[in-house]
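Chain and residue survey
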Number of protein chains: 2
Amino acid sequence: MFGKSEELEYVFNPDSVAIVGASEKDGHTRALVNSRIKDSLFLINPEKKEIYGYKCYDSILDIEEEIDYALIRVPALEVPKVLEECIEKGIKVAHIYSSGFSETGRNDRIELEEKIKELAKGEIRLIGPNCMGVFSAESGLTFKEYSPEEEGPIAIVTQSGTFANYSLMDSEERDIRFSKVVSYGNAIDLDCTDFLEYLKDDSDTELIILYIEGTQEGERLRRILEETTRKKPVLAMKGGLSKHGRRAVSSHTGAMAGKSKIWSSIFQQVGVVQVKTYEELMDTAQALIRSPIPEGKGTSIVTPSGGLSVNMTDLAVDIGLEVPEFGEETKDKLRELIPLAGTSIKNPLDAWPSYFSGNMPDALEVVASDESIDSLILDFRLSIPYIKGQFGEDYKEFFEEFVREVADACGYVKEDIRKPLVVSSPVSLYWDDEEREQQKKARAILREEDIPIYPSIERAAKVLYNMYRYYKLSQEREHSSTQQT
Amino acid sequence: MFGKSEELEYVFNPDSVAIVGASEKDGHTRALVNSRIKDSLFLINPEKKEIYGYKCYDSILDIEEEIDYALIRVPALEVPKVLEECIEKGIKVAHIYSSGFSETGRNDRIELEEKIKELAKGEIRLIGPNCMGVFSAESGLTFKEYSPEEEGPIAIVTQSGTFANYSLMDSEERDIRFSKVVSYGNAIDLDCTDFLEYLKDDSDTELIILYIEGTQEGERLRRILEETTRKKPVLAMKGGLSKHGRRAVSSHTGAMAGKSKIWSSIFQQVGVVQVKTYEELMDTAQALIRSPIPEGKGTSIVTPSGGLSVNMTDLAVDIGLEVPEFGEETKDKLRELIPLAGTSIKNPLDAWPSYFSGNMPDALEVVASDESIDSLILDFRLSIPYIKGQFGEDYKEFFEEFVREVADACGYVKEDIRKPLVVSSPVSLYWDDEEREQQKKARAILREEDIPIYPSIERAAKVLYNMYRYYKLSQEREHSSTQQT
């Protein structure tokens, strides 16, 4: 066998791939047939002669070429035989997609899983069973049709296949791209720690997202996480925090979920930011890779709404942020910029007149320069009926110019003042074509400045609070390492 | 003057309306010009001869016809003069849209507000200042272009104008319609209690949403709320719960926010369901008007995802629900319906194979019949790439038939088993035309069965928990009234 890092190279960057149980009806097969790996792809299906122009082999042993990586998609009971053939063929890594093992809770299936584990030991490395497997932007390996082709700085290690699927499906919506995504299921051989150990030193990966339900090697995971967070941020979600959730874990991947307090305390100690939802994970990653880190809890909410700004403030405080008063200097400057009626020079800045008087960019810069402000949320709900209500039918040119000015100011806050700014702007399925195009255009302009956009103030505030938690964890680590030396 | 209920009739159903300070550039004017009230509408603007084909009067006193309701949209300093003219003309209700009064915190503007209050006393009823005013589906009165024309069962009483605007803008997205919406701002005369007193007996209103920052007449509000909740559900959000939020309140409507614990305890005592966000208010209203009420915390999550179901369970428990194990009879029935591989007969029901085998409707009915289950969340993320991955390019016919079967089962759960079922299904701005059309079609089919749809499990779970809270409050009221008799 090989050294571990070499083995993991076969996981993410195999030179050749075989699908055992390939099918025309299966999205996984179609995804690989259309991927960059297609010229070194081999299909095995004894019942077919040809699929998508590929010759179908009866067995992996019939292939003459060397194969690095096998995707096994046959019924659970047939997996042992296929695995024996993979070992005979000298394949380095087998990804067992099939489910029907320990997660069923049935004794015969638990034994079947044990059998596979024994077969593989020292002969071949396994991913799974009961998982989606690997996406690697570099090699083209994927489990999903229409997955993003561009490489990105985020890696995902997840025990849930749906999580892996959703992350690829949502990449445009969330404006994030991935280096590697691995869904590892029941983890009878390669476990999350192995993938983390590889990704820790992977130069294509700047941030790691982890979804974990349980592990057999807690102490090693802890050590690797500690080493990883010294190099790049790790965001984690632990499945099975509640009693009901733990019961669900045992029937999902067969893992033992463990006490939630122990997990939370370990994450805290090793500098991992633990969050509660899939959305929060993806939302936070989106900002963490492209924004400065807030060095405090003080946030400013800039909004067109007086009334909702009160509720937004309550929400942000509930989440853990503070919405402090501006300093006198800031207030004086803002008073010059914003006319009297209907506004108040306070934080939250209920600045709707200045939204359209051209003062918005200046107001953002003044607010961001305040010492007590560590981050900003811009409430940017600019629907076309609203814009038309202000400016009539000829709003288009104005609108684009306005958004560009605001985006420039956001970019300035981020790049020059070095404080994170996120935008909150909801999305509707029922917008007409005109509205949708304008909304996309506005977002595209903000994205050019790398400004993260969320559909609610609540989600925006959670992101800023999680980024602040990341800052605190980093500070604590630095502090403790200074003490040790 | 008139009796109170007669006065409030002039608020919601005036026979004639005048806009003082009408303008072509103003959405409010355009909204009324295009409303059902247009034939009894009069515009006042001394600088214009004509706006949208309407003759412009120099003063309200120049109009010969009787006027019930005046919308005042002139700068704050001009309001006293206009108000004197309105009184002279014998107008019943004036809505002062203009801002620039006590909410600015400036002494001269606080005095200006006092002056208006004195002028009006006993002469004319006032809405505002600093607010959007009134939407009434019955009369056609509105403050917003493109507001929904159909009447609906929900009334909103809000101190925030943005809240009122958003509620009308979002009505299609949220599939809710309104009887009356009133944004009342600084409340120097008519306060939320007055509007509530009217809506309590309004036969067009089945549910009331309240957003309040503060009031001068706490004891009367408490009494009216108590009377109201005996007749229809009231959902409330209190602005200014946090210290930072209270500071924001004083600069928004000039109200004293009061201690948050006192408010929460009053809401609890009078049977009002208090929630934390705008989304939660609208989401909960949407389900409460069209679903049975859950009589317990036990929910079942039916989902295609194993891994995320674990996290969904943690989330639901975190929100306050329970995700109990199914009874043995339920498990036996489900085992017959759902094949082994990759699923587990547990709650959450990770039932993805049965999504496409035609067993989903039966599974929903079996789950809903379980004694420990009081409500259901159906995770229904059916994107086209996913459907195509299962069924190839010819998915359309299948898809519609499948959604219709599921919708029928949802309707059966609601109407016959009498348990609430809500759907979670996310929305993306970046869906292509095909995806968007399919998603809208699927939602339209579910909406035919009056099934509420939310973009996340978290929001769906909050709705079910809030409905359970409503159930508990109703039980407590019944219990205490039984004890009293």
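Remember, it's a predicted structure, so these values are computed and weren't measured experimentally.

**Here's the deal with the overall build of chain A**
Within chain A, the regular secondary structure consists of 19 helices and 18 strands. Relative to the globule expectation of 23 Å for 485 residues, the C-alpha radius of gyration of chain A, 26 Å, shows essentially globular dimensions. Judged by the C-alpha coordinates and their principal axes, chain A covers about 80 × 55 × 40 Å. When burial is assessed residue by residue, chain A has 66% of its 485 residues classed as buried. Once local pairs closer than 6 in sequence are excluded, the contacts in chain A between residues at least 24 apart make up 76%. Here chain A contributes 59 positive and 87 negative side-chain charges, whose respective centroids are spaced 5 Å apart.

**A word on unusual backbone geometry**
Cis geometry marks the peptide bond from N347 of chain A to P348 of chain A, where omega comes out at 5°. Locating P348 of chain A in the fold gives a position in the loop between α13 (328-337) and β15 (349-350). Positive phi, normally seen in glycine, also occurs at D450 of chain A, with a value near 60°. Of note, D450 of chain A is situated in the loop between α18 (433-448) and β18 (453-454). Judged by its relative accessible area of 32%, D450 of chain A is partly exposed. A positive phi is found at Y146 of chain B, a non-glycine position, where the angle reads about 60°.

**Notes on the pairing of strand β11 (residues 207-212) of chain B**
Residue and element names in this part refer to chain B. Where burial is concerned, most of β11 is hidden: 6 out of the 6 residues are buried. Alignment of strand β9 (residues 154-158) against β11, held across 5 bridges, turns out to be parallel. Residue pairing in the sheet places T158 in a bridge with Y211 of β11. Sheet topology places β11 next to strand β12 (residues 234-238); 5 bridges connect them, and they run parallel. When the sheet's bridge partners are listed, I209 is paired in β12 with L235.

**Things to note about the pairing of strand β2 (residues 41-44) of chain A**
Residues and elements named next belong to chain A. The two faces of β2 match: L41 and L43 on one face and F42 and I44 on the other face are all buried. Inspection of the sheet shows strand β1 (residues 17-20) paired to β2 by 4 bridges, in the parallel sense. Paired with V17 across the two strands is L41, which belongs to β2. With helix α2 (residues 27-33) bridging β1 and the parallel β2, this β-α-β connection has right-handed handedness.

**Concerning the interface of chain B and chain A**
Many structure descriptions define interface size as the accessible area lost when the parts assemble. With 85 residues of chain B in contact, the opposing surface of chain A contributes 86 residues. Here chain B and chain A share an interface that buries about 6,900 Å² over both sides, 56% of which is from carbon and sulfur atoms. Area buried by chain B at its contact with chain A is led by R381, L429 and Y430 of chain B, which between them contribute 12% of it. The salt bridge involving E458 of chain B is made with K462 of chain A; its shortest N-O contact spans 3.5 Å. One can count 11 residue pairs in polar contact (both at pLDDT 80 or more) joining chain B with chain A. Here the side of chain B that touches chain A is built from residues that sort into 25 nonpolar, 29 polar and 31 charged.

**Here's the deal with the relation of the copies chain B and chain A**
Superposition of the two copies of the chain requires a rotation about an axis together with a shift along that axis. Of the transformation placing chain B onto chain A, the axial shift is 0.0 Å and the rotation is 180°, giving an RMSD of 0.0 Å. Viewed as a symmetry operation, the transformation between the two copies matches a two-fold axis. Taken together, the interface assignments show that 100% of the residues at the interface of chain B recur at the interface of chain A, consistent with an identical surface on both copies.

**With respect to the side chain of S40 of chain A**
Residue and element names in this part refer to chain A. Relative to the helices and strands, S40 is located in the loop between α2 and β2. At 3.0 Å, the side chain of S40 and the backbone oxygen of D15 are in polar contact. Sequence-distant contacts of S40, defined by excluding residues within four places in its chain, comprise D15, S16 and V17.

**A closer look at the side chain of S160 of chain A**
Residue and element names in this part refer to chain A. Relative to the elements of secondary structure, S160 occurs in the loop between β9 (154-158) and α5 (161-169). Given the relative accessible area of 0%, S160 is considered buried. Polar contacts involving the side chain of S160 include one to the main-chain amide nitrogen of F163, which spans 3.0 Å.

**Some remarks on the sheet that holds strand β14 (residues 299-303) of chain B**
Residues and elements named next belong to chain B. Taken in spatial order, the 5 strands line up as β15-β14-β16-β17-β18 in an open sheet, and their pairing is parallel. The open sheet has two edge strands with one neighbour each: β15 (349-350) and β18 (453-454). Across 2 bridges, the pairing between strand β17 (residues 421-424) and β18 is parallel. Across the sheet, V423 pairs through a bridge with I453, a residue of β18.

**Here's the deal with the state of the cysteines**
Throughout this description, disulfide means a covalent bond between two cysteine sulfur atoms. With the rule as written, the count across this model stands at 0 disulfides over all chains. Unpaired in terms of disulfides, C131 of chain B finds its nearest cysteine sulfur in C192 of chain B, a separation of 13 Å.

**Examining the pattern of salt bridges**
Taken as a whole and assessed by the stated rule, the structure comprises 82 salt bridges over all chains. Its salt-bridge partner being E217 of chain A, residue R220 of chain A comes within 2.9 Å of it at the nearest N-O pair. Ionic pairing is found between D201 of chain B and K200 of chain B, a salt bridge with its closest N-O pair at 3.3 Å. With relative accessibility at 10%, the residue K200 of chain B sits in the buried group. Connected through salt bridges with shared partners, the residues D170, R174, E279, D283 and R459 of chain A form a single ionic network.

**A closer look at the confidence of the model for chain A**
When pLDDT is averaged along chain A, the result is 90, and 93% of the positions lie at 70 or above. ipTM for the predicted complex: 0.87, alongside a pTM of 0.91.

**Let's talk about the sheet that holds strand β5 (residues 69-72) of chain B**
Residue and element names in this part refer to chain B. What the 7 strands build is an open sheet, ordered β3-β4-β2-β1-β5-β6-β7; its pairing is mixed. Each edge of the open sheet carries a strand with a single partner, namely β3 (50-51) and β7 (125-127). The sheet contact formed by strand β2 (residues 41-44) and strand β4 (residues 54-57) spans 2 bridges and is parallel. Looking at the pairing, L43 lines up with C56 of β4.

**Focus on the nonpolar core**
In this structure, F163, F178 and I209 of chain A together with F163, F178 and I209 of chain B are the most contacted members of the largest nonpolar core, which totals 94 residues. Beyond its immediate chain neighbours, meaning those up to four positions away, F163 of chain A contacts I156, T158, I209, Y211, M237, Y278 and L281 of chain A together with L308 of chain B.

Thresholds applied
- Within each chain, residues carry numbers counting from 1 in the order of the written sequence.
- Think of it this way: whatever chain is written first is A, whatever ligand is written first is 1, and the rest follow in order.
- The predicted nature of this model means local features are confined to residues of pLDDT at least 70 and side-chain atom pairs, given and counted, to a pLDDT of 80 or more, with totals for whole chains, interfaces and linings taken over all residues.
- Each side-chain value is derived from all of the structure's non-hydrogen atoms; neither hydrogens nor water enter the calculation.
- Strands here mean DSSP runs of E at least two residues long; helices mean DSSP runs of H or I at least four residues long; both are numbered from the N terminus.
- Taken over C-alpha atoms, the radius of gyration is set against a globule rule of 2.2 Å times the number of residues to the power 0.38.
- Summary of the burial criterion: residues with accessible area below 20% of their type's maximum are buried, those above 50% are exposed, and those between are partly exposed, where the area comes from a 1.4 Å probe applied to protein chains only.
- Contacts: residue pairs with any heavy atoms within 4.5 Å of one another.
- Neither His nor the chain termini are counted; the positive set is Lys and Arg, and the negative set is Asp and Glu.
- Lys charges are placed at NZ, Arg charges at CZ, Asp charges at CG and Glu charges at CD.
- At least two bridges found by DSSP between two strands is the condition for calling them paired.
- Crossovers are described as right-handed under a simple rule: with the strands pointing away from the observer, the path leading from the first strand over the helix to the second runs clockwise.
- Values labelled buried area give the accessible surface lost by two parts on being combined, using a 1.4 Å probe and summing over both.
- Every case where a carboxyl oxygen of Asp or Glu lies within 4 Å of a side-chain nitrogen of Lys or Arg is listed as a salt bridge.
- N or O atoms within 3.5 Å of each other form a polar contact, as long as, within protein, one can give a hydrogen and the other can take it, and as long as residues adjacent in sequence are counted only when both atoms are side-chain atoms.
- Classification convention: Asp, Glu, Lys, Arg as charged; Ala, Val, Leu, Ile, Met, Phe, Trp, Tyr, Cys, Pro as nonpolar; all other residues, Gly among them, as polar.
- Copy-to-copy superposition: least squares on the C-alpha atoms, limited to residues that have pLDDT of at least 70 in both copies.
- We call a pair of cysteine sulfur atoms a disulfide whenever their separation is within 2.5 Å.
- Confidence of the prediction at every residue is given by pLDDT, a number between 0 and 100.
- Take the buried Ala, Val, Leu, Ile, Met, Phe, Trp, Tyr and Cys residues and link them wherever side-chain atoms come within 4.5 Å; each set so joined is a nonpolar core.

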